[in-house]
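This is what each chain is made of:
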Amino acid sequence: MARPKQDGLLYFSFDTDFFYADKRIKRFHSKYGNDGLIFYIYLLAEIYRKGYYINWDEETADDIASDLHLKEGFIEQVLAYLVSRSLLTMRTLADSVTAITSHGIQTRYQEAKKGAKRQIEVNSEIWLLSEGETASCIKITNNAINSEKNQSNSEKNQSNSEKN
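Please read all numbers here as calculations on a predicted model, not as lab measurements.

A short note on unusual backbone geometry
Consideration 1: Backbone geometry at Ser-86 places phi at a positive 60 degrees, although glycine is not the residue there.
Consideration 2: The exposure class assigned to Ser-86 is exposed, which follows from its relative accessible area of 53%.
Consideration 3: With a phi close to 65 degrees, Ser-96 is a non-glycine residue in the positive phi region.
Consideration 4: As for its position among the elements, Ser-96 is in the loop between β2 (89-92) and β3 (98-101).

Set out below in structure tokens:
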């Protein structure tokens, strides 16, 4: 039996100088304290567990607030700060879903996936790295178009089954 396909990572690299190397992190820690840092690290773990981005909605915010015992308003404030300092990027996709990722997240993700025996497909709406920065193991696809094709095929199949 083949091993199930896994897009996410079992672990991700975490720099030992995380707290010191980037002034943005030092300022972030000063402003939001340990609660802010644990939220950011938790969010990174969730993103890497699923792949290179996470869909952000009210349910996700509620789950994280519950897991970390943080107030939802605090989470939204911290998230806005992280986006304003380019530590995270939020993208609203064609289907009105908001995705959270960053250039650094995607760089580390593709580094971790370089040894994969298969090509990793990524969504062109979410992928931030330029063609020159993207490793050969990464295949950029336009998933929005594919999902539209699948939807139209489903509609055709449904109308065919109704005829029978």
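Examining the pairing of β2
Consideration 1: As paired strands, β2 and β3 are joined by four bridges and run antiparallel to one another. Across the sheet, residue Thr-92 finds its bridge partner in β3, namely Thr-98.
Consideration 2: Between β2 and β3, which follow one another and run antiparallel, lie five residues, and Ser-96 among them has a positive phi close to 65 degrees.

Digging into helix α5 (residues 103-113)
One turn of an α-helix holds 3.6 residues; hence residues three or four places apart share an orientation.
Consideration 1: Of the residues making up α5, those classed as buried are Ile-105, Gln-106, Tyr-109, Gln-110 and Lys-113. On an axial view of α5, the arc spanned by its buried residues comes to 125 degrees, and they lie on one face.
Consideration 2: Close packing links the buried residues of α5 with α2 (23-50), β3, β4 (120-123) and β5 (138-141).

Reading guide: rules and limits
- Residues numbered from 1 in each chain as written.
- Predicted model: local features only at pLDDT ≥ 70, side-chain atom pairs only at ≥ 80, totals over all residues.
- Heavy atoms only, no water.
- Buried < 20%, exposed > 50% of the residue type's maximum accessible area, 1.4 Å probe, protein only.
- Helix = DSSP H or I, 4+ residues; strand = E, 2+ residues; numbered from the N terminus.
- Pairing = 2+ DSSP bridges.
- Arc of directions from axis to C-beta.
- Contact = heavy atoms within 4.5 Å.

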